[in-house]
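A look at the structure
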Amino acid sequence: MASAMASAGPVEPSGTRDPSPWFGDLWAGGQSRVRSLPVVTPLVAQRHATVFACCNVIAGDLAKVPLRLYQRTGPSRAEPVADHAATYLLNTESAPGVAAKVARFALVYAFALRGRAYAYAPRDGAGELTLLDVIRPDLCAELRDGRARFYAFEDGAGIQRRAPSRAMVHLRYMAEDGWTGRSPLQVAAESVGLALAGQEAAARAASGVQMRAVLKMEDVYEDDEAWHRNARRVRNALIDPEANGIPIIGATDDIKSLDLSAADQQLLESRKFDREQIAAIYRVPPSKLQMLEHGVKANGQQQAIDYKTDCLLHWGGFVEAQLALGVLTEAERRAGLFFRHDYDALMQATTKERYDALKAAVGGPFLTANEARAEDGRAPVDGGDRLNPAANMTRNEDAGAGTEED
């Protein structure tokens, strides 16, 4: 096992009996029982605008909020931890020249699209994290030795490595065995394949290169030139704007139209339903994808709350838990350290709402005046560290600090 941990070598080729994950992404993706539907792979599926929008929204919103490191100090209390390498790597610079926001976006985008994502998290001789190097999923193979897991991959410096699970961040979604991640697109292969087929049909219809009609002409002509001359005459009659849709053809000519039928047009109309299905797969509210028929501006705040509770907490919870396993040591996790996204950055209140909330908190009493000023980014003032009494109480200044009367 030690040699497997320390040795460096190329990623093993994929077999056909037990293919590697990268092989499934490229060739053996989700295939519907209807063989005429497109094979669904993450690389193909992201060409659908709704798939890309869902992954982009989830990854973008989780990357733009701070990822805080906390330590539990009581049953319901936690204090932020600032002097930890993970705080810098996940919020400032994850690797030399790579902004943490870029790395986190890439990690979560691959996680949402493929159902798995990897990052190399080595430590120095003192056990401190040195970097967080995002690995392309198609350049990483998972190896197994009993319950132990190892990863063969190419790092950001182009070096082939093998690393144990304690030096890797491995995000996986819908892992039936706890390890093997599955893309939601491949699980719902038929629905996604139908959406891809509808998009391809719409693209062919919009391109105008498909055959519009089949022309049946008489077989007896004096020579080939006469046949081609008659064919050009009928074709020009079909595309002549002066014909007003009534071409003039010969007595033995027959035209069969290949325009979209009512059923085909209905299929293209169903692409709107495909968008809703894909949004449901990713738990993204339709209004977040600019499908504004599902909501109005008046209930925008409630939609933001639903988006946070139904979507971001779902995906963000997986990211937080699996980052803790790859970035924090077992001793740190047992000491109560954990990650949490600061979703308050997404719920920006207006100035009036923020001031009204702080005023009510200070007069509650819930916050001191200086705590409220700190929330608004202002410097403390003298006497601002004293907690005000409740609204139905008054402070007796003559009786000493902390004495209150009705």
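Above this note sits the structure.
Remember, predicted model here, so these are calculated numbers, not experimental data.

What counts as what
Once a new chain begins, its residue numbering starts again from 1 and follows that chain's sequence as written. A pLDDT threshold of at least 70 governs which residues receive local features in this predicted model, and a stricter bar of 80 or more applies before side-chain atom pairs are shown or counted, although totals over entire chains, interfaces and linings include all residues. Side-chain measures here rest on the full set of heavy atoms in the structure, leaving out hydrogens and waters. Put simply, DSSP marks the helices as runs of H or I at least four residues long and the strands as runs of E at least two long, and each gets a number from the N terminus on. Note on exposure labels: buried denotes an accessible area under 20% of the residue type's maximum, exposed denotes more than 50%, and partly exposed covers the range between, all computed with a 1.4 Å probe on protein chains only. Within this scheme the basic residues Lys and Arg register as positive and the acidic residues Asp and Glu register as negative, but His and the chain ends are omitted. We define a salt bridge as a contact between a side-chain nitrogen of Lys or Arg and a carboxyl oxygen of Asp or Glu at a distance within 4 Å. In this analysis, two residues are considered to be in contact whenever any of their non-hydrogen atoms come within 4.5 Å of each other. Here the expected length of a helix is defined as 1.5 Å per residue gap, with one fewer gap than residues. Comment: arc refers to directions from the helix axis out to C-beta atoms. Put simply, a nonpolar core is a bunch of buried Ala, Val, Leu, Ile, Met, Phe, Trp, Tyr and Cys residues held in one set by side-chain atoms that sit within 4.5 Å of each other. A strand pair is defined by DSSP finding two or more bridges across the two strands. Angular values range over 0 to 180 degrees, each being the angle between N-to-C directions of two axes fitted as lines to C-alpha atoms, with helices fitted over their stretch in contact. In summary, the pairing rule links any two rings of Phe, Tyr or Trp, Trp by its six-membered ring, whose centres are within 6.5 Å, and it sorts them by plane angle into stacked for under 30 degrees, edge-to-face for over 60 and tilted for everything else. Counting rule for disulfides: a pair of cysteine sulfur atoms within 2.5 Å.

You can see Glu 320 is positioned in helix H12 (residues 300-327). The buried charged residue Glu 320 lacks any salt bridge partner; its closest oppositely charged side chain belongs to Arg 340, at an N-O distance of 6.2 Å. In this structure, Glu 320 is in contact with Leu 67, Phe 339, Arg 340, His 341 and Tyr 343, ignoring residues within four places of it in sequence.

In a regular helix each residue adds 1.5 Å, so twelve residues correspond to 16 Å; helix H14 (residues 351-362) covers 16 Å between its end C-alpha atoms and thus fits that length. Buried within H14 we find Leu 358, Ala 361 and Val 362. All buried residues of H14 fall inside an arc of 95° around its axis, so they share one side. Summarising the geometry of H14, the exposed residues directed more than 90 degrees from the buried face are Lys 352 and Lys 359. Tucked into the core, H14 has its buried residues touching helix H15 (369-375).

Moving on: the nonpolar core. Core analysis: the largest hydrophobic core is formed by 53 residues, its most contacted members being Val 169, Tyr 282, Trp 315, Leu 323 and Phe 339. At eight residues, the largest contribution of residues to this core is made by H12. If we skip the residues at most four places from it in the chain, Trp 315 touches Ile 58, Leu 62, Phe 111, Ala 112, Tyr 173, Pro 184 and Tyr 282. Of all hydrophobic cores here, the second largest spans nine residues; its members include Tyr 118, Tyr 120, Ile 135 and Phe 153.

Right, let's get into the pairing of strand S10 (residues 168-172). Burial runs high along S10: five of the five residues are buried. Neither face of S10 is left uncovered, since the one carrying Met 168, His 170 and Arg 172 and the one carrying Val 169 and Leu 171 both have all their residues buried. Bridge count between strand S5 (residues 116-120) and S10: five bridges; the pairing is antiparallel. Paired with Tyr 118 across the two strands is His 170, which belongs to S10.

This brings us to the sheet that holds strand S2 (residues 77-80). Read from one edge of the open sheet, three strands run S2-S1-S13, paired in antiparallel fashion. With partners counted over all chains shown, the strands left at the sheet margins are S2 and strand S13 (337-341), one partner each. Shown here is a sheet whose adjacent strand axes are inclined to one another by a mean of 45°, direction ignored. Examined bridge by bridge, strand S1 (residues 67-74) and S13 share five bridges and lie antiparallel to one another. Opposite Gln 71, over in S13, you have Leu 337 as the bridge partner.

Bringing the sheet that holds strand S7 (residues 140-145) into the picture now. Overall, antiparallel pairing links the three strands, which are arranged S7-S8-S9 in an open sheet. Strand pairing shows two members of the sheet lacking a second neighbour, S7 and strand S9 (160-164), which therefore form its edges. For this sheet, the mean inter-axis angle between neighbouring strands, taken without regard to orientation, is 25°. As judged from the six bridges shared by S7 and strand S8 (residues 148-154), these two strands associate in the antiparallel manner. If you follow Cys 140 over to S8, its bridge partner there is Phe 153.

With that settled, the discussion passes to the pattern of salt bridges. Under the definition given, this model contains nine salt bridges. Two residues, Asp 61 and Lys 64, come together in a salt bridge whose shortest N-O distance is 3.1 Å. With Asp 61 and Lys 64 both in helix H4 (residues 49-64), this residue pair falls three residues apart, about one helical turn. Residue classification places Asp 61 among the buried residues on the basis of a relative accessible area of 6%. The shortest N-O distance in the salt bridge between Asp 138 and Arg 136 comes to 3.0 Å.

Counted by the stated rule, this structure contains eleven aromatic pairs. Summarising the aromatic geometry, the rings of Phe 105 and Tyr 109 are spaced 6.0 Å apart at their centres and angled 15° between planes, so their arrangement reads as stacked. Separated by four residues within a single helix, Phe 105 and Tyr 109 lie in helix H6 (residues 100-114), roughly one turn from each other. Owing to a relative accessible area of 14%, Tyr 109 belongs among the buried residues under this scheme.

Within the structure shown, the criterion is met by zero disulfides. Looking at Cys 55, it has no disulfide partner, and the nearest cysteine sulfur is the one in Cys 54, 6.8 Å off. Free cysteine: Cys 311, not disulfide-bonded; nearest cysteine sulfur from Cys 54 at 8.0 Å. The class for Cys 311 is buried, based on a relative accessible area of 0%.

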